[in-house]
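# A look at the structure
Take a look at the letters that make up each chain.
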Amino acid sequence: QVSCFKLNGCASPLHCLGLQCYGVFLQILTAGWDELECHRVFNFLWELSNLARKVQTVVSGKPGSARRLELRIRLFCRGVLLSPGSHRSDSAFWLTRILKPWPMVNQARLLYILFGPVSSLDGHVVWQKMIEGPTDESSLKGLADAIKLLYGTEAREWTADDVISLVDELSVVPQEWLMENNARLLLLSGNSICFTFLASKAVNGRAVELARLMVFMALVCEKDLYCMDWAVKMMQKVCKVFSTPWERNNFLQCLENTFAHMLMDMLQAVLAGERDEEDSSFLNLFHLVNAQANFHKEILYLAMGSSSTT
């Protein structure tokens, strides 16, 4: 009956420790319980807090139309069910229980509500963050960690295809993301997910889309100071997925065309004088030129290294 423990009962949810205390209590109480018992606990809490109806409201309505409800669902699920400090297997179990009842498109929306970027002022979910411009690691880390959790061995109810489909759906929540933000999320999600996602594009013949993703990965490596040889090695692995030399060569041609088209587009923006306070059009061109140079430098190192050993 304590108001803090109710989904919409606390007067100041952002500054309240009630839900966190509830989460720690639940974590200690259910330690060592088998999954069937924990499933019954989840069903009890789900019904007690009327979460099903509330989640239905936020995943079926327009993003941001019920901002306070989105915030309270986020705080309740993260504070109580996904308590910080929980074992990965426990977190995977509770997150699966939260997401699995819903269709994939709603799972993606709910994942964004739970782990997407929020305003530092009022804690509300920032829906336009991935659409309006390139974002930073901190805005994507929560989503990347959740994806890694679902892809890991602890989440037995999720197949690789499930997680890839979820990432695909996530990239259009609430509208299509900037490709740079897609690339940054994949980088943060780890090698296995990144390769599996890219390989699925290769297998399905989506060479142009794959090439754009690879170029943006190189750009993110340049901007965020990752080793560029990572991007080149990832490209090498993806090239082995193609079943014929023609498909592989077509992808490499698309890759070079993408570099050229993006450079021309950015150069046009600079020449047109499209500048803002940060002079972002010139900075983008600067980063892309360096990304292309460093990307091809790593390829040359590989080529010269292999030729010198033969």
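Under the annotation held in an unreviewed UniProt entry, the protein carries the name FBX47 protein and is attributed to Chaetorhynchus papuensis.

Before going further, it helps to examine the state of the cysteines. Under the defined criterion, the tally for this structure stands at 0 disulfides. In this model cysteine 227 remains outside any disulfide bridge; the closest cysteine sulfur is found in cysteine 221, 8.4 Å from its own. In this structure cysteine 227 comes out as exposed when scored by relative accessible area, which is 55%. Note on cysteine 254: no disulfide assigned, nearest cysteine sulfur contributed by cysteine 239 at a separation of 11 Å.

Once that is clear, we can look at the UniProt feature "domain: FBXO47 ARM repeats region" (unreviewed entry) in the protein. When the UniProt feature table is mapped onto this chain, "domain: FBXO47 ARM repeats region" (unreviewed entry) is found at residues 49-267. As annotated, residues 49-267 comprises 71% helix and 0% strand, and the C-alpha atoms at either end are separated by 54 Å.

Turning next to the side chain of glutamate 70. Within the fold, glutamate 70 resides in helix α4 (residues 67-81). One buried charged residue, glutamate 70, remains without a salt bridge, the closest side chain of opposite sign being arginine 109 at 5.8 Å. Within the structure, the side chain of glutamate 70 is placed 2.9 Å from the backbone nitrogen of glycine 64, a separation counted as a polar contact. Residue contacts for glutamate 70: discarding those within four places in its chain leaves Val58, Pro63, Gly64, Ser65, Ile113, Val125 and Trp127.

Cut-offs used in this document
Residues numbered from 1 in each chain as written. Predicted model: local features only at pLDDT ≥ 70, side-chain atom pairs only at ≥ 80, totals over all residues. Heavy atoms only, no water. Disulfide = S-S within 2.5 Å. Buried < 20%, exposed > 50% of the residue type's maximum accessible area, 1.4 Å probe, protein only. UniProt positions renumbered as here; feature names shortened; annotations may be inferred. Helix = DSSP H or I, 4+ residues; strand = E, 2+ residues; numbered from the N terminus. Lys, Arg positive; Asp, Glu negative; His and termini not counted. Salt bridge = Lys/Arg side-chain N within 4 Å of Asp/Glu carboxyl O. Polar contact = N/O pair within 3.5 Å; in protein donor to acceptor, adjacent residues only side chain to side chain. Contact = heavy atoms within 4.5 Å.

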